[in-house]
Amino acid sequence: MCGRYAATKDPAKLVEEFAAVDLTEGRARADHNVAPTKNVVTVVQRHPRDAEGLVLEDEPAERSLRIMRWGLVPFWAKDPSAGSRMINTRAETAKEKPAFKRALASRRCLVPADGWFEWRRTGKEKEPFYMTDPSGKSLALGGIWESWRPKDDAGAEPLITFSILTTDAEGQLTDVHHRMPLIVPHEHWAGWLDPDRSEVDELMVPTSPEVVEALELRPVSSLVNNVRNNGPELLRRTETEQPVDSLFDLP
């Protein structure tokens, strides 16, 4: 699974890294402990719209940084609370599930991450690890997104939410957890973000062994267990195992 990650880069750096324009409107914030329901930066590619809001499908799609809330709310949901249960989507079954199949066909995004956290269970304790690219490059996590409005208020501002796709863990990551986020390699970014491409089975393959083996698996402090903690100290390597409590101590 992927229930916590770090995203600390300034939008200006992400604009360069992802060849996108910044449409975050100053709302992006560095976050060392991204948790479900937070608003974070994602990368999408969409056709422009005219003054009346109609999609100009003949115009080339533009890649941009957008703010979305983590936890996908299907368009048919009665209320936004459904999002807290849909932070992850299994890549193997996304195409079949009513909550995810429409988004997978036409509303895909990349989620820039410095790295993600996972917990290894040892007996009754859980030891936190941070998975990151030691080169400093962002990991592009594969995601899907949706736009939701309350049925009784069609004019309301839409709520834009996303979910991170997960696959079976590979290589050294299996020592920590049996699932991992889908990492989309650079050569697949264009195809993944293409709003006119509905079939992406060939892009949803498990992360390559080469990518997995290049990752650093870093033991970190149990401070990360509490989402109220948010600072660079959460990403520092620690060799001392600490007791884990309040794994999902949401405020």
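All of these numbers come straight from a predicted model, not from anything done at the bench. (Residues numbered from 1 in each chain as written. Predicted model: local features only at pLDDT ≥ 70, side-chain atom pairs only at ≥ 80, totals over all residues. Heavy atoms only, no water.)

**Student:** Let's hear about the side chain of S138: which residues, and what values?
**Tutor:** Relative to the elements of secondary structure, S138 occurs in the loop between strand 9 (125-132) and strand 10 (139-148). Here K9 takes part through its side chain, which lies 3.0 Å from a polar atom of the side chain of S138. When residues no more than four places from it in sequence are discounted, the contact partners of S138 are K9, L14, E17, F18 and A113. (Helix = DSSP H or I, 4+ residues; strand = E, 2+ residues; numbered from the N terminus. Polar contact = N/O pair within 3.5 Å; in protein donor to acceptor, adjacent residues only side chain to side chain. Contact = heavy atoms within 4.5 Å.)

**Student:** Describe in detail the confidence of the model for the chain, supporting the description with residues and values.
**Tutor:** Overall, the prediction assigns the chain a mean pLDDT of 91, with 94% of residues at 70 or greater. In the model, residues 241-251 has pLDDT below 50 throughout and makes 30 contacts with residues more than four positions away in sequence or in other chains. (pLDDT = per-residue confidence, 0-100.)

**Student:** Which residues make up the sheet that holds strand 9, and what values do they have?
**Tutor:** With antiparallel pairing, five strands are arranged side by side in an open sheet as 3-1-8-9-13. Two strands bound the open sheet, and with one partner strand each, they are strand 3 (31-34) and strand 13 (216-219). Across the sheet, the mean angle separating the axes of adjacent strands is 30° when strand polarity is ignored. Bridge count for strand 1 (residues 5-7) against strand 3 is two bridges, and the pairing is antiparallel. Note on strand 3: the bridge partner recorded for A7 is D31. (Pairing = 2+ DSSP bridges. Axes fitted to C-alpha atoms, helices over the stretch in contact; angles between N-to-C directions.)

**Student:** I'd like a rundown of the packing of aromatic side chains, residues and numbers included.
**Tutor:** Taken as a whole and assessed by the stated rule, the structure comprises four aromatic pairs. Both rings, one in W70 and one in F162, keep their centres 6.3 Å apart while their planes meet at 10°; by these two values the pair is stacked. Of this pair, W70 sits in strand 5 (residues 62-70) while F162 sits in strand 11 (residues 159-168), placing them 92 residues apart in sequence. F162 sits in the buried class, given a relative accessible area of 0%. Taken together, the ring pairs in this structure connect Y5, W70 and F162 into an aromatic cluster. Over the aromatic face of F75 sits the side chain of R102, whose NZ or CZ is 3.8 Å from the ring centroid. Note that R107 overlies the ring of W145, its terminal NZ or CZ placed 5.1 Å from the centroid. (Phe/Tyr/Trp six-rings, centres within 6.5 Å; stacked < 30°, edge-to-face > 60°. Buried < 20%, exposed > 50% of the residue type's maximum accessible area, 1.4 Å probe, protein only. Lys NZ or Arg CZ within 6 Å of the ring centre and 35° of its normal.)

**Student:** Which residues make up helix 1 (residues 11-18), and what are the values?
**Tutor:** When helix 1 is considered as a whole, its buried residues turn out to be P11, L14 and F18. Looking straight down helix 1, one finds its buried side chains confined to an arc of 55°; they lie on one side. Along helix 1, the residues that are exposed and aim more than 90 degrees away from the buried face are A12, K13 and E16. Contact partners of the buried residues in helix 1: strand 2 (21-22), strand 4 (39-46), strand 5, strand 7 (108-113), strand 10 and helix 3 (189-193). Measuring from the side-chain oxygen of the N-cap residue of helix 1 to the backbone nitrogen of A12 gives 2.8 Å; that N-cap residue is D10. Phi turns positive one or two residues past the end of helix 1, at A19, with a value near 50°. (Arc of directions from axis to C-beta.)

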